[in-house]
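Chains, contacts and geometry: an overview
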Amino acid sequence: MLDREDRIIDINIEDEMKTAYIDYSMSVIVSRALPDVRDGFKPVHRRVLYAMNEDGNTYDKPTRKCASAVGQVMKYYHPHGDSSIYGTLVRLAQPWNLRYPLVQGQGNFGSIDGDSPAAMRYTESRLNRLASEMIRDIDKDTVDFQNNFDDSTVEPTVLPARFPNLLVNGSAGIAVGMATNMAPHNLSESIDACVAYIDHKGDIDAAGLINYIKAPDFPTGGIIYGYAGVREAFETGRGRVVIRSRCEIEEHNNHERIIVTEIPYQVNKSELVKAIADLINDKKIDGISGIADESNRKGIRIVIDIKRDANSGVVLNKLYKMSALQSSFSINNIALVKGRPQLLNLRDLIELFIEHRHDVVYRRTQFELRKAEERVHILEGLIIAVDNIDEVIRIIRAASEPQEAIEKLMERFSLSLIQARAIVDMRLRALTGLEREKLKEEYAALMQEIERLKALLADKELRAQLIREELLEIKEKYGDERRSEIIYTAEEFNPEDFYADDDMVITISHHGYIKRTPLSEFRSQARGGVGAKGSDTRDEDFIEYIYSASMHETMLLFTQMGRCYWLKVYEIPEGAKNAKGRALQNLLNIETGDRVNAFIRVKNLTRDAEFVNSHYLIFCTKRGTIKKTLLEAYSRPRANGVIAINLVDDDQLVGVGLTDGNSEVLIANRNGRAVRFNESTVRAMGRNATGVRGMTLDADGRDEVIGMITVPQDTEETILVISEKGYGKRSLVEDYRITNRGTKGVKTLNITDKTGELVAIRPVTDEHDLMIINKSGITIRVHARDISVQGRATQGVRIIDLKKRGDEIASVCQVLTEEDSDEEAFDAESLPENESATPIREEEGTKSELPQELIDRALAEDNQ
């Protein structure tokens, strides 16, 4: 008996772990997780199809219990448990998982909602017609076989595969250290690509093949959104394909709803509906009143009801962004090539499949040639026997046993054993004249077939043409139209896609709180009204600036210390009229002690080079300094802002205007005077320049510039001026004579104790409304046409009734009238405006609309 020490072998555990794990990983890679590039199957799929075919469970026979098929597979080929085999069988039958199912199922095979299939004892299945093309010719020595797990039988190492199944149905699997995720493609397009490869004799790259196979074609349809990922996957083997649901917006009971009829590949429909419902309940998506799943046997139908006041396009974009209505499929084409995992592009996949078909056709041809030659050999013997039938009969009758007859025939006619045995076994009907002719015809046909088969073996081009014909035959039988639509020029999400381009009112308080409010929330009142509460402010705070803008515009915010910051309107927090808003310091990196007091709005600031290089910003300071700079200098947003104008001696910026280079400038001071001059008298300067004198102020120590406006030549606008105690008037631009830059100007309002000092100057037309807000937070909206046009030197009329003693007007803004809003629009790109963002009439832009009955009801409430 051996000693204990002799029976123990010392092994380094690190070496053993490495060896064992490598063996395990290779087993997973080769025998479980990755498909073979030739037939596109993992071993379990191949075994299911082969076992069902061997068991006669084919498309031309009735369905059988799935338990029978699973038992056959597990008994002979796949001893890894019935659950994995049944799961594979079920997936091969699910039309939402496989672009072209290979198994026909009967019973409950699960659903796209993630429902489990019924137990295999209840369901039935059989191979479908397309699966038969995968196994066709397997009995003609076309593929190699290997022993099964217990050496009781053999199984194929690969299937003959008459079509590129890996390309058509795709595959997914996780191995050790690698994974594969291959997209399905349209059968007709895939075959066209294979045919093109054959026609070009392999001299075609992935870029050329894209002309035939456009993109993946998913079983659930959907829309492939963007082509860059598809092209990358075809050329490199890796890429990201974005898939959108197919959605339509329809009218229903006076409101819109989104109808979803196709969803992205591998998305669980019930989980998608639940996720959208959670977004609605959690208030992450506004504008949806309900969601219902109305899907049935005819197809998917998810109904999303949109609220009456919501924009369905904006809601849909948010759903694309925040839910699985838009998903991505990451392509990673790793498959086994001669037992080794490789990353394959489109050309590689087609090339390797065609090579496999060449091998299959060559081996099949050899098999058929061998069978044909064997039959010809027998026919030659039968023909000899028929031609010498009397002597053959005599020899057979004289023989005492069959073996003796066979030997004598071989000796007499120089026959082989096979020929002699065939003659002995020949039936009497072969002696008739008709049968003799049939033998000769069969012999002649076989000789022609042998010549064809030999030619095939000798000429690869002939085999290629045969492969081509067989592929086109498959296309003719099973080809169909694409399900997934392709949008080639799609881009990534633009933040503007999530916001309707509605008109907004931007309010900024004295202490720097900002918010946006829909313009429709403000109601028109008659001239002289007391106003409606516009905003709640903190103690000793008041609304100082109020502007109009549309959601997609970019706001350039200028501070009194001469810095410029950028902010999209949709980035400003929305709030009701009486909301306080949010501190600008929380939105912008504004320095301590500085505050915003002017802005310009531009639609395509960073995308329209022609516009920014043909327009200018005009700056005006409290001390009357003016500067003109090309807008392009401010077209590159920075998080910390930039210097807009170089201020000296504690000067402050009070106004900024956007011009096209041909506008006129009006500057007004507190003492009621204004100066008018053409902007051409101000040369363009750099962004860091200080500027030149624009207006000379009074020497009383209190005078300062209260505003600046820019007006185009031949304008129809009138000049509106308003005093701090609520008086105002309109005057014609021509009333202000043109003077030199830097003068004191002319009188624009007769300043008295009753009117108070000048606080605002604005350009308006009869199509404008005025939104006036005082320091106590009261807002009033009046029609500009209700304010009479008067001479420069008058004191004007009362516009707002300041009930509070000591209350004063803080800010004035002009917007389009609600009655005219159907015909009016904002167009910020062509807007020669000052900091109040004057609206003008153009075809492009956005509109605000408020029903007249709502205005009347609001007026009645205010009068009460």
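Residues numbered from 1 in each chain as written. Predicted model: local features only at pLDDT ≥ 70, side-chain atom pairs only at ≥ 80, totals over all residues. Heavy atoms only, no water.

The protein chain is annotated in an unreviewed UniProt entry as DNA gyrase subunit A from Porphyromonas somerae. Looking at the Catalytic activity (unreviewed entry) heading of the UniProt record, one finds this comment for the protein chain: "ATP-dependent breakage, passage and rejoining of double-stranded DNA." Turning to the protein chain, the UniProt record has this under Subcellular location (unreviewed entry): "Cytoplasm". (UniProt positions renumbered as here; feature names shortened; annotations may be inferred.)

A word on the environment of Ile506
As for its placement among the helices and strands, Ile506 is situated in strand β18 (residues 503-509). Ile506 gets classed as buried once you look at its relative accessible area, which sits at 0%. Taking the C-alpha atoms as reference points, Ile506 and Ser548, separated by 42 residues in sequence, lie 5.9 Å from one another. (Helix = DSSP H or I, 4+ residues; strand = E, 2+ residues; numbered from the N terminus. Buried < 20%, exposed > 50% of the residue type's maximum accessible area, 1.4 Å probe, protein only.)

Regarding the UniProt feature "active site" (unreviewed entry) in the protein chain
In the numbering used here, UniProt assigns the feature "active site" (unreviewed entry) to Tyr122. By the secondary structure assignment, Tyr122 is in the loop between β2 (103-106) and β3 (124-127).

Quick word on the sheet that holds strand β1 (residues 64-65)
A sheet is described by the order of its strands in space; here three strands give the open sequence β1-β3-β2, paired in antiparallel fashion. Looking at the sheet topology across the chains shown, the edges are occupied by β1 and β2. Sheet topology note: the β1/β3 ladder contains two bridges and is antiparallel. Bridge assignment links Lys65 to a residue of β3, and that residue is Glu124. (Pairing = 2+ DSSP bridges.)

Describing the environment of Ser663
Tracing the backbone shows Ser663 in the loop between β29 (653-659) and β30 (664-669). Given the relative accessible area of 1%, Ser663 is considered buried. Spatially, the C-alpha atom of Ser663 lies 9.7 Å from that of Thr715, the residues being 52 residues apart in sequence.

Structural notes on the pairing of strand β31 (residues 673-678)
Burial analysis of β31 places six of its six residues in the buried class, the great majority of the element. Residues Arg673, Val675 and Phe677 point to one face of β31 and Ala674, Arg676 and Asn678 to the other, with burial holding for every one of them. In this sheet, β31 lies alongside β30 in antiparallel orientation, the contact comprising five bridges. Paired with Ala668 across the bridge in β31 is Ala674. Between β30 and β31, which pair antiparallel one after the other, the connecting turn spans three residues, and Gly672 there sits at a positive phi close to 90 degrees. Relative to strand β36 (residues 746-747), β31 runs antiparallel, the two being bridged by two bridges. Paired with Ala674 across the bridge in β36 is Val746.

Examining the nonpolar core
One finds Leu49, Leu89, Leu102 and Ile350 to be the most contacted residues of the largest nonpolar core, which totals 103 residues. Of the residues forming this core, the biggest block, 15 residues, is contributed by helix α13 (residues 346-387). (Core = buried A, V, L, I, M, F, W, Y, C linked by side-chain atoms within 4.5 Å.)

Considering the sheet that holds strand β32 (residues 692-693)
Overall, antiparallel pairing links the four strands, which are arranged β29-β26-β27-β32 in an open sheet. Taken across any chain shown, the strands that pair with only one partner, and hence form the sheet edges, are β29 and β32. Taken together, the two bridges between strand β27 (residues 625-630) and β32 define a ladder with antiparallel strand orientation. Within β32, the position partnered with Ile626 by the bridge is Val692.

Notes on the confidence of the model for the protein chain
Per-residue confidence for the protein chain gives a mean pLDDT of 85; residues scoring 70 or more make up 89%. In the model, residues 819-864 has pLDDT below 50 throughout and makes 124 contacts with residues more than four positions away in sequence or in other chains. (pLDDT = per-residue confidence, 0-100. Contact = heavy atoms within 4.5 Å.)

Some thoughts on a nonpolar patch on the surface
On the surface, Ile22, Met26 and Val30 cluster together to form a nonpolar patch covering roughly 240 Å² of accessible area. Within the secondary structure layout, Met26 lies in helix α2 (residues 13-33). (Patch = residues over 30% accessible without salt bridge, like charges linked within 9 Å, V, L, I, M, F, W, Y side chains within 5 Å. Areas by Shrake-Rupley, 256 points an atom, 1.4 Å probe, with all protein chains shown as cover. Salt bridge = Lys/Arg side-chain N within 4 Å of Asp/Glu carboxyl O.)

Notes on the pairing of strand β39 (residues 778-783)
A large share of β39 lies buried, amounting to five of its six residues. In terms of strand pairing, strand β38 (residues 768-774) meets β39 through five bridges, oriented antiparallel. Looking at the pairing, Ile773 lines up with Thr779 of β39. Hairpin connection between β38 and β39: a loop of three residues separates the two successive antiparallel strands, and Gly777 in this loop has a positive phi of roughly 95 degrees.

Regarding the packing of helix α14 (residues 389-398) against helix α15 (residues 402-413)
At a minimum axis separation of 8 Å, α14 and α15 run at an interaxial angle of 145 degrees. Here α14 and α15 pass one another in a crossing that is right-handed. Together, Glu391, Val392, Ile395, Ile396 and Ala398 of α14 and Glu404, Ala405, Lys408, Leu409, Arg412 and Phe413 of α15 make up the contact between the two elements. Looking at the contact of α14 with α15 residue by residue, the classes come out as seven nonpolar, no polar and four charged. (Axes fitted to C-alpha atoms, helices over the stretch in contact; angles between N-to-C directions. Left-handed = near helix turned anticlockwise from the far one by under 90°. Nonpolar A, V, L, I, M, F, W, Y, C, P; charged D, E, K, R; others polar.)

Considerations on a negative patch on the surface
A contiguous patch of negative charge on the surface is contributed by Glu14, Asp15, Glu16 and Asp23. Tracing the sequence through the fold places Asp23 in helix α2. (Lys, Arg positive; Asp, Glu negative; His and termini not counted. Charge placed at Lys NZ, Arg CZ, Asp CG, Glu CD.)

So, the side chain of Asn345
Mapped onto the secondary structure, Asn345 falls in the loop between β16 (340-343) and α13. Residue classification places Asn345 among the buried residues on the basis of a relative accessible area of 16%. There is a polar contact of 3.4 Å between the side chain of Asn345 and the backbone oxygen of Glu235. Looking at Asn345, its side chain comes within polar contact range of the main-chain nitrogen of Asp348, at 2.8 Å. When sequence neighbours within four positions are dropped, the list of residues in contact with Asn345 reads Ala233, Phe234, Glu235, Thr236 and Gly237. (Polar contact = N/O pair within 3.5 Å; in protein donor to acceptor, adjacent residues only side chain to side chain.)

Comments concerning helix α16 (residues 417-424)
Among all positions of α16, only Gln419, Ala420, Ala422 and Ile423 are buried. Take α16 and look down its axis: the buried residues cluster within an arc of 160 degrees, on one side only. Buried residues along α16 sit against α13, α14 and α15. (Arc of directions from axis to C-beta.)

Structural notes on the side chain of Asn57
With respect to the helices and strands, the residue Asn57 is situated in the loop between α3 (43-54) and β1. Residues within four places of Asn57 in sequence aside, it is in contact with Met52, Pro62, Arg64, Ala69, Ser125, Arg126 and Leu127.

Notes on the packing of aromatic side chains
All told, the structure shown has eleven aromatic pairs when counted by the stated rule. Where Tyr227 meets Tyr488, the ring centres are 4.8 Å apart and the plane angle is 50 degrees; that geometry is what we call tilted. Of this pair, Tyr227 sits in the loop between β8 (223-225) and α10 (228-236) while Tyr488 sits in the loop between β17 (485-487) and β18; the two residues are 261 residues apart in sequence, bridging distant segments of the chain. What makes Tyr227 buried here is its relative accessible area of 7%. A centroid spacing of 5.8 Å and a plane angle of 40 degrees characterise the contact between Tyr265 and Phe329, whose relative ring orientation is tilted. Taken as a pair, Tyr265 in the loop between β11 (255-262) and α11 (269-281) and Phe329 in strand β14 (residues 326-332) lie far apart in primary sequence, 64 residues in all. Given a relative accessible area of 3%, Phe329 falls into the buried group. An aromatic cluster of three or more residues is present, and its members are Tyr50, Tyr76, Tyr77 and Phe145. Just above the ring of Phe619 sits the side chain of Lys627; from NZ or CZ to the centre is 4.9 Å. Sitting above the plane of the Tyr616 ring, Lys628 keeps its charged end 4.8 Å from the centroid. (Phe/Tyr/Trp six-rings, centres within 6.5 Å; stacked < 30°, edge-to-face > 60°. Lys NZ or Arg CZ within 6 Å of the ring centre and 35° of its normal.)

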